[in-house]
Structure formats: C-alpha cells, structure tokens
Amino acid sequence: MITLRHVCKTYPSGVKAVDDLSIEIAEGETLVLLGTSGSGKTTTMKMINRLIETTSGEILIDGKDIRQQDPIQLRRKIGYAIQHVGLFPHMTVAQNVAVVPRLLNWPVAEVSRQVDNLLAMVGLEPEDFRDRYPSQLSGGQRQRIGVARALAADPPIVLMDEPFGALDPITREQLQNEFVELKSKIKKTTIFVTHDVFEAAKMGDRIALLDAGCLQQLDTPVGLVENPANKFVEQFLGQHRFQLSLLTRTVQAIMPGTNEKASRPDKSIPSPHLRAKSSLIEALDTFKETRELTLPVYEQQRYIGNLEKSWLLEAITQVLGESGDAQ
C-alpha cells in the first residue's frame, strides 16, 4: 500500500535528515520506525502525509505518487495521532472526534454514530464522555480520544508519532496492550514512531531501525532481536537482548499443536487466562499473580489449549541460554 523509493530529505542547512530510504509497507501492516533523536523517524513519517516535503525520491500510496495529490485531501485520508494529542480545548470530546468527518460532510446521524462507536472501541463509555471537555480528562483518556479522532473518518492509513510517550509507565503499558488488541480489529496500515525498543517490539509487525537518516535493519521484532544486521543494531539493543527475546516470543510459539476439540469456539472466557499473542514476560507475570500451574490460552474468542507453567519456565531457560551464547 505504501512504497518509499530512494527517499531523501536535506534541509537548507545541509543536514540530511533522511538518506536514500526505500521501504514497502503492506496493507494492514503496523510498521514501527525506531531510532534515537535525530535518526529521521519522525521526518519519514511526516513526509508520508506531506507535512514535510521530500527532497528527492518517491512516496507512493496504492501506486499513486503523493506529490500529485492535493496535500489537504491527502491528509484527510490519513489518520494522525501524536504524543501531546492536540485536542481542541473549546470543543467537547464528541466534537473533537468528529472534526474530519464533518469536514468531509458526513451526514449528522452518521457522524454521531461513528463517534459513539469509536469511544466504545477505545474503552470510553459514550454516555459518560461524549460531552466532556479535554480539561476534564486524564492523560490516558485524552490519548484515547486522540486515537479515536485519528480513526474517525475510517482512514486506510494511520500515522502515530510516539502517541504514548508522555504517559506514566502503567497507563502507557495499558494503552499499548489495548492498541495491540485494537489493531487486529481495525486492520489499518499503521506507521508507528518510537525511540523505545521495547515498545517497538511489542507494537510492530516489522521494525525499521534508523540511524542518522539511514536504514540499518528492516525486520520482524524476532528477526531484529535474534539476528542483528550489524554492529550498530547490536549496540542499540545493548544489554536488553534477553528481555527483548522474552518480549518478542509469544505464548503461541511455545504451545504444543492444537487439536479439533481445543479449537472449538468458547463464548465464556474464564479469568484468568492467557492470550495467544501474550509475550513470555506477560505469561510469567500472570502465572506469578495467579499462582496457577496451568492457564487456558485464547486466540480472540477461540480456546486453543492450556499452557503449563513448567513449559514456560523451560522456554525462558532456553532463551537465557541463547542470550548467554550471543554475548
């Protein structure tokens, strides 16, 4: 859906923010742009919706060069969520979420219905939040509204520039978990910018690691962690390799094969349980909290079997051994 071909951005001062970047992003994929400050990740993202213009190279969306499109019309087809949200303080929650649909002249009833659906989707009860103002919301609630606004016009592409970066660690982790669940429902092509390697590993289908405007490695989270492409990638991952290995490996990866009985739909999901896409770290935390020796595992609404704590500990021991060998 999105193609970057030899994209460069050089400022009048001579600073080259992005240098010969080529990436293809598939429809429905979440690509994380990862790197330190000044690596070119935010510049790259902003070139996709023409908030920053390219110096050279091409950016194509569905095969069409974005430079041939009106920038205002282009941006109305791309959702945009940023770290500090940018809600209009004089507007209610409903009015903030409805900004783009109203610009696109959606019918009033359709706008109202979309606002309520999106508030419910991001975990905010419409009756309670529709008429509040941003000053009456917590940081986490404002960020949820920012995500809802980015999705309001049902855009095929969503850009997210460190959307959870200003939140406290507990709220940030909660929103990360919610977004991981949400992205499987909304199926949007998402570009997610972060400097946090743990957030990148958790959120992305693939990660593009940038340094000084150059692409160092484009890979899945597992591929990045287990097969660093060069010394820079190794140094960037640093001493976090063991934790990242536990974060990028899922419960599903260590489960034995499921059978037909286990795969039958089950409408009543027990608590506690594990998700198939839960990381080994999340699974370990759940076992510690519940003190259970066995937990059921679900893939959305489908029961796929049980995970024994002993299997989890064996997998963690194996990862620890591999991390030791890598060092």
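Residues numbered from 1 in each chain as written. Predicted model: local features only at pLDDT ≥ 70, side-chain atom pairs only at ≥ 80, totals over all residues. Heavy atoms only, no water.

*Asks:* Any chance you could break down the sheet that holds strand 9 (residues 206-211) for me, citing the residues and the numbers?
*Replies:* In any sheet, the strands associate via hydrogen bonds between backbone groups, in a parallel or an antiparallel arrangement. With mixed pairing, the 6 strands of this open sheet are ordered in space as 6-7-8-3-9-10. Looking at which strands have only one partner, the edges of the open sheet turn out to be strand 6 (78-82) and strand 10 (214-219). Geometrically, the sheet is characterised by an average inter-axis angle of 15 degrees between neighbouring strands, direction not taken into account. As defined by bridge partners, strand 9 adjoins strand 10 across 5 bridges and the pair is classed as antiparallel. Of the residues in strand 10, the one forming a bridge with D211 is C214. Contacting strand 6 and strand 7 (157-161), helix 7 (residues 139-151) runs over the sheet at an angle of about 165 degrees to strand 6. (Pairing = 2+ DSSP bridges. Helix = DSSP H or I, 4+ residues; strand = E, 2+ residues; numbered from the N terminus. Axes fitted to C-alpha atoms, helices over the stretch in contact; angles between N-to-C directions. Contact = heavy atoms within 4.5 Å.)

*Asks:* Kindly report on the confidence of the model for the chain, identifying the contributing residues and their values.
*Replies:* Residues of the chain with pLDDT of at least 70 account for 94%, and the chain-wide mean is 88. Here helix 15 (residues 309-326) is the element of the chain with the lowest mean pLDDT, 78, and strand 1 (residues 2-10) is the one with the highest, 97. (pLDDT = per-residue confidence, 0-100.)

*Asks:* Hey, could you go over the packing of aromatic side chains for me, with residue numbers and the actual values?
*Replies:* In the structure shown here, the tally under the stated rule is 4 aromatic pairs. Judged by centre distance (6.0 Å) and plane angle (40 degrees), the ring pair of F232 and F236 falls under tilted. Of this pair, F232 and F236 both sit in helix 11 (residues 231-237), 4 residues apart, which is roughly one turn of the helix. A relative accessible area of 22% means that F232 is categorised as partly exposed. Since its relative accessible area comes to 18%, F236 is described here as buried. Where Y298 meets Y303, the ring centres are 5.6 Å apart and the plane angle is 55 degrees; that geometry is what we call tilted. Note that K9 overlies the ring of Y11, its terminal NZ or CZ placed 5.2 Å from the centroid. Cation over ring: R132 sits above F129, and NZ or CZ is 4.1 Å from the ring centre. (Phe/Tyr/Trp six-rings, centres within 6.5 Å; stacked < 30°, edge-to-face > 60°. Buried < 20%, exposed > 50% of the residue type's maximum accessible area, 1.4 Å probe, protein only. Lys NZ or Arg CZ within 6 Å of the ring centre and 35° of its normal.)

*Asks:* An account of the pattern of salt bridges is needed here, citing residue identities and associated values.
*Replies:* Following the criterion strictly, the structure yields 15 salt bridges and no others. Linking D116 and R130 is a salt bridge whose minimum nitrogen-to-oxygen distance equals 3.0 Å. Of the two residues, D116 is situated in helix 5 (residues 108-121) and R130 in the loop between helix 6 (126-129) and helix 7; the sequence distance between them amounts to 14 residues. If you follow the salt bridges from partner to partner, you end up with D116, E127 and R130 in one network. (Salt bridge = Lys/Arg side-chain N within 4 Å of Asp/Glu carboxyl O.)

*Asks:* So what's going on with the sheet that holds strand 12 (residues 294-299)? Which residues, and what values?
*Replies:* In space, the 3 strands of this open sheet follow the order 11-12-13, with mixed pairing throughout. Of all strands in the sheet, those bounded by a partner on one side alone are strand 11 (274-275) and strand 13 (302-308). Bridge count for strand 11 against strand 12 is 2 bridges, and the pairing is parallel. Bridge pairing in strand 12 places L274 opposite V297.

*Asks:* Could you give an account of the environment of R249, naming the residues involved and the relevant values?
*Replies:* Tracing the backbone shows R249 in the loop between helix 12 (241-248) and helix 13 (251-254). Residues R249 and A200, 49 residues apart in the sequence, show an inter-C-alpha distance of 14 Å.

*Asks:* Which residues make up the environment of M91, and what values go with them?
*Replies:* The topology assignment puts M91 in the loop between strand 6 and helix 3 (93-97). Along the backbone, M91 and D131 are 40 residues apart, and their C-alpha atoms lie at a distance of 9.0 Å. If sequence neighbours within four positions are ignored, M91 has contacts with N96, V99, Y133 and P134.

*Asks:* Please give an account of the side chain of D161 that cites residues and values.
*Replies:* Assignment of secondary structure puts D161 in strand 7. Buried charged residue D161 carries no salt bridge. Nearest counter-charge: K46, at 5.1 Å. Filtering out sequence-adjacent residues up to four positions away, D161 remains in contact with T42, M45, K46, Y80, A81, I82, Q83 and V193. (Lys, Arg positive; Asp, Glu negative; His and termini not counted.)

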